[in-house]
Amino acid sequence: MRKLHLHSSYKSLLFVFFLSLFSLSAFSQDISTDPAAISAGEQLFNANCKACHRVDKKLVGPALAGVVDRAPSIDWIKSFIKNSSKVIAAGDEYAVNLYNEYNKTQMTAFTSFKDEEIMNILAYVSAYKAPGPDEGGANQNNQQNAVSQGAPEYLNIILIGMIIILILLVLILGFLVSAMKRFLDQRTLTEEERDVVHSPITFGTVTSSPGFKFIVVFLIAAFGFKAVINGLFSIGVQQGYAPKQPIAFSHKIHAGQYEIDCKYCHTGAMNTKNATIPSVNICMNCHNQIKSGTNTGENEIGKIVRAFNENKPIEWVRVHNLPDLAYFNHSQHVNVGGIECQTCHGPVEEMDVVRQHSLLTMGWCIDCHRKTDVNSKGNAYYDKLVELHNDKEGMKVKDIGGLECSKCHY
Ligand code: HEC
Ligand code: HEC
Ligand code: HEC
Ligand code: HEC
Ligand code: HEC
Ligand code: HEC
């Protein structure tokens, strides 16, 4: 009796033990709904997966919504993300089918990902809701655009204003003349005076009148003045320069519509002086599968494939060009300074053809160095300097030598 009792309590203990073990392992495989996990997952997804995946639609790879239910298991998903070619090479049926369905496009291997990170990505994918139509910072960018390209617009407005004032003056004068005539008609006038008042207005009398001559001279002078000013504005300055490229590559489609990260293509921006233009290989990551565009058909993408097969680089026309005497470094600004590409290059993600957005003059560089605080976040080297400069102004780039000639000139 006693033995039995012991035995059953032992059994129930064992049961509880196994139950908790099971729920523990089930828990670790569960998709988390914790907001912290979801936001960590979103960051990982945007930085690593977004170039090829969306949650809600097919891109280079499949839409990831529902992948947890459709893939063989969560462990399978983990191994596939860490090294998909290993899973495919092992002959896994689901993986091989998927690989063939996606025209044998190789997914990047993420060997350094931890299980927990993958679970965070899955948490994000499960919690994902499609964004509303009015999200995004397009307005802000437009505003910035309008401000920094102000000068020539401003002159146009003045010129148009002056022309409107002139036309109004002519109308008022015409009105006065006819009023005067009516007034004089009520007077008794000599024959000679009557002739003068009623002399017909012909083309000849108008063109020979001093008022008309004045207007003509004024208009010629105004347009000439505007041409000279426009010329002066553009000496050595290439703002707005947007050359035609050998392939109709559109940032609006790639960086805008498909939200591919700038740094996926401009790989040098974080760590080197040059942002770099992507090689054909980077295009082929996607275009060995995407063979035709909506706007240009197969033509333009055909050029990429040809360049790839012939092993010839695409000869992109350079848009931005500082003279050799000046030194500019991307990683210093993008990585260390934490400045967004758009601050200097404008809303590139809205441009079908890239154009030079900023002036790129020495004044432009200096102006920003005077106004901008040094990004000292997470940089121990700067902490001491910031302390030394601990006044209300904050520590600007000029305070760390951003105005020294030798920093920008060789
Ligand atoms: C270079 C493009 C590319 C990148 C980057 C990429 N993938 Fe993939 N992914 C693919 C392709 C293509 C497939 C389809 C299978 C194949 O061709 O290997 C795929 C398949 C998958 C699958 C299986 C989908 C299914 O329907 O079963 C998962 C899960 C997945 N990717 C997750 C990720 C995650 C998570 C990331 C980021 C950490 C990522 N991928 C980054 C291209 C990519
Ligand atoms: C899919 C690849 C890809 C992505 C993503 C991409 N670019 Fe580009 N970018 C290119 C190519 C190719 C060129 C050269 C052709 C051209 O000028 O249009 C280029 C040119 C440029 C230029 C002009 C370079 C010059 O010649 O002076 C700038 C500036 C630029 N990109 C900024 C950006 C920014 C900012 C983003 C993110 C919003 C971005 N790019 C995203 C491929 C890309
Ligand atoms: C991460 C994936 C990806 C990369 C990398 C990529 N593209 Fe694309 N590209 C796309 C997608 C998606 C489309 C849209 C296809 C469509 O409109 O159906 C596209 C469309 C195009 C089009 C056709 C546009 C149209 O609508 O007619 C051209 C041209 C093009 N890409 C050139 C390039 C060049 C050049 C590169 C390399 C510098 C490049 N792409 C790199 C994904 C990519
Ligand atoms: C502080 C201003 C600034 C920021 C921020 C900036 N750029 Fe630039 N970018 C420039 C200037 C100036 C040039 C011309 C450099 C030259 O001619 O030596 C340039 C040139 C380029 C070029 C063509 C030449 C090259 O370097 O390969 C590309 C592509 C480019 N930028 C992309 C980017 C991308 C992508 C980002 C964001 C990751 C970015 N830039 C951020 C100022 C900036
Ligand atoms: C949008 C603002 C902005 C513009 C425009 C800009 N810079 Fe800078 N620049 C910065 C910031 C911020 C830093 C400080 C980065 C850091 O934390 O070290 C910096 C740092 C530098 C440095 C290093 C200074 C030092 O003492 O270490 C050089 C050199 C430089 N910029 C050159 C240029 C040149 C050349 C141009 C124009 C072609 C330019 N910058 C345009 C914001 C800008
Ligand atoms: C923040 C970076 C920066 C600093 C600091 C700087 N410059 Fe420049 N400088 C430039 C850039 C960029 C250009 C090219 C501008 C252009 O092409 O319009 C330039 C152009 C020039 C030119 C040639 C002008 C021309 O019309 O071709 C001279 C001369 C010059 N700088 C002298 C100086 C002197 C002297 C100092 C120190 C007092 C100085 N710069 C400090 C960035 C800088």
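The written sequence of each chain sets the order in which its residues are numbered from 1. Throughout, the order in which chains and ligands are written sets their labels, letters from A for the former and numbers from 1 for the latter. For a predicted model such as this one, the threshold for reporting local features is a pLDDT of at least 70, and the threshold for listing and counting side-chain atom pairs is 80 or more; totals across whole chains, interfaces and linings nevertheless cover every residue.

Caption draft 1: Here's a closer look at the overall build of the protein. Check the secondary structure of the protein and you find 21 helices and zero strands. With 410 residues in all, the protein has 13% of them scored as buried. The contacts of the protein with a sequence gap of at least 6 include a subset with a gap of at least 24, amounting to 66%. Numbering of helices and strands starts at the N terminus; helices are DSSP runs of H or I of at least 4 residues and strands are runs of E of at least 2. With C-beta atoms placed from the backbone, a residue is labelled by how many other C-beta atoms lie within 10 Å of its own: buried for 20 or more, exposed for 12 or fewer, partly exposed between the two. We call two residues in contact whenever the C-beta atoms placed from their backbones are within 7 Å.

Caption draft 2: View of the site of ligand 5. Using a C-beta atom placed from the backbone, a residue is scored as near a molecule or strand whenever that atom is within 6 Å of it. Not every one of the 24 residues close to ligand 5 is listed here, only the nearest: Gly-337, Cys-365, Cys-368, Gly-401 and Lys-407. Here the element with the most residues in the shell around ligand 5 is helix 19 (residues 362-371); it accounts for four residues. For the shell around ligand 5, the per-class residue count stands at 14 nonpolar, nine polar and one charged. In this classification, the charged set is Asp, Glu, Lys and Arg, the nonpolar set is Ala, Val, Leu, Ile, Met, Phe, Trp, Tyr, Cys and Pro, and all remaining amino acids, among them Gly, are polar.

Caption draft 3: How the structure looks around the confidence of the model for the protein. Chain-level pLDDT for the protein is 81 on average; 81% of the residues reach the 70-or-more range. Mean pLDDT per element in the protein: helix 8 (residues 138-148) is the minimum at 37, and helix 18 (residues 341-345) is the maximum at 95. Below pLDDT 50 for its whole length, residues 13-28 participates in zero contacts with residues either more than four positions away or in separate chains. pLDDT is a residue-level measure of predictor confidence that goes from 0 to 100. Low confidence marks residues 134-150, where pLDDT is under 50. Its contacts with residues over four positions away, or in another chain, come to five contacts.

Caption draft 4: Spatial organisation of the site of ligand 6. In the region of ligand 6, 16 residues are neighbours, and Ala-326, Met-362, Cys-365, Cys-405 and Cys-408 sit closest. For the shell around ligand 6, the secondary structure elements donating two or more residues are helix 19 and helix 21 (405-408). A total of four residues in the shell around ligand 6 trace back to one element, the largest contributor, which is helix 19.

Caption draft 5: Layout of the packing of helix 15 (residues 280-287) against helix 16 (residues 299-309). Between helix 15 and helix 16, whose axes approach to 10 Å, the crossing angle comes to 125°. Between helix 15 and helix 16, the angle falls in the class oblique. Between helix 15 and helix 16 the crossing geometry is left-handed. Residue-level contacts link Val-280, Cys-283, Met-284 and His-287 of helix 15 to Ile-301, Ile-304, Val-305, Ala-307 and Phe-308 of helix 16. As a rule, the C-alpha atoms of each element are fitted with a line to give its axis, helices using only the stretch in contact, and angles between N-to-C directions run from 0 to 180 degrees. An angle below 35 degrees is read as roughly parallel, one above 145 as roughly antiparallel, one from 65 to 115 as roughly perpendicular, and any other as oblique. In this scheme, a crossing is called left-handed if the near helix is turned counterclockwise away from the far one by less than a right angle; it is called right-handed if the turn is clockwise.

Caption draft 6: Structural view of the nonpolar core. Buried Ala, Val, Leu, Ile, Met, Phe, Trp, Tyr and Cys residues whose C-beta atoms connect them within 7 Å together make up a nonpolar core. Ranked by size, the top nonpolar core spans 23 residues in total, and within it Phe-80, Ile-118, Ile-121, Leu-122, Ala-123, Tyr-124 and Val-125 carry the most contacts. Those elements giving two or more residues to this core turn out to be helix 2 (35-48), helix 4 (74-82), helix 5 (84-89) and helix 7 (115-127). Among the elements that line this core, the one with the most residues is helix 7, at seven residues. If near-sequence neighbours (up to four positions away) are discounted, Ile-121 is found in contact with Gly-41, Leu-44 and Phe-45.

Caption draft 7: Layout of the packing of helix 2 against helix 7. Following both chains from N to C, one finds helix 2 and helix 7 inclined at 100°, their axes separated by 7 Å at the closest point. Compared by their axis directions, helix 2 and helix 7 come out roughly perpendicular. Together, Ala-37, Ile-38, Ala-40, Gly-41, Glu-42, Leu-44 and Phe-45 of helix 2 and Glu-117, Asn-120, Ile-121, Ala-123, Tyr-124 and Ala-127 of helix 7 make up the contact between the two elements. Here the contact of helix 2 with helix 7 is built from residues that sort into nine nonpolar, two polar and two charged.

Caption draft 8: Focus on the environment of Cys-408. Along the polypeptide, Cys-408 turns up in helix 21. Note: C-alpha distance between Cys-408 and Phe-328 (80 residues apart in sequence) is 6.8 Å. Dropping the residues within four chain positions of it, Cys-408 is found in contact with Ala-326, Tyr-327 and Cys-365.

Caption draft 9: Representation of the environment of His-345 within the structure. For His-345, the location among the structural elements is in helix 18. With 20 C-beta atoms counted inside 10 Å, the residue His-345 sits in the buried group. Each C-alpha atom of the pair His-345 and His-320 lies 9.5 Å from the other, and the pair is 25 residues apart in sequence.

Caption draft 10: View of unusual backbone geometry. A positive phi is found at Asn-103, a non-glycine position, where the angle reads about 50°. Inspection of the secondary structure puts Asn-103 in the loop between helix 6 (93-101) and helix 7. For Asn-103, a count of 11 C-beta atoms within 10 Å puts it in the exposed group. Here the phi dihedral of Thr-276 falls at roughly 70°; this positive angle occurs in a residue that is not glycine. With respect to the helices and strands, Thr-276 occurs in the loop between helix 14 (262-265) and helix 15.

Caption draft 11: Spatial organisation of the environment of Gln-342. Considering the arrangement of structural elements, one finds Gln-342 in helix 18. Considered as a pair, Gln-342 and His-357 are 15 residues apart in the sequence and their alpha carbons are 9.1 Å apart.

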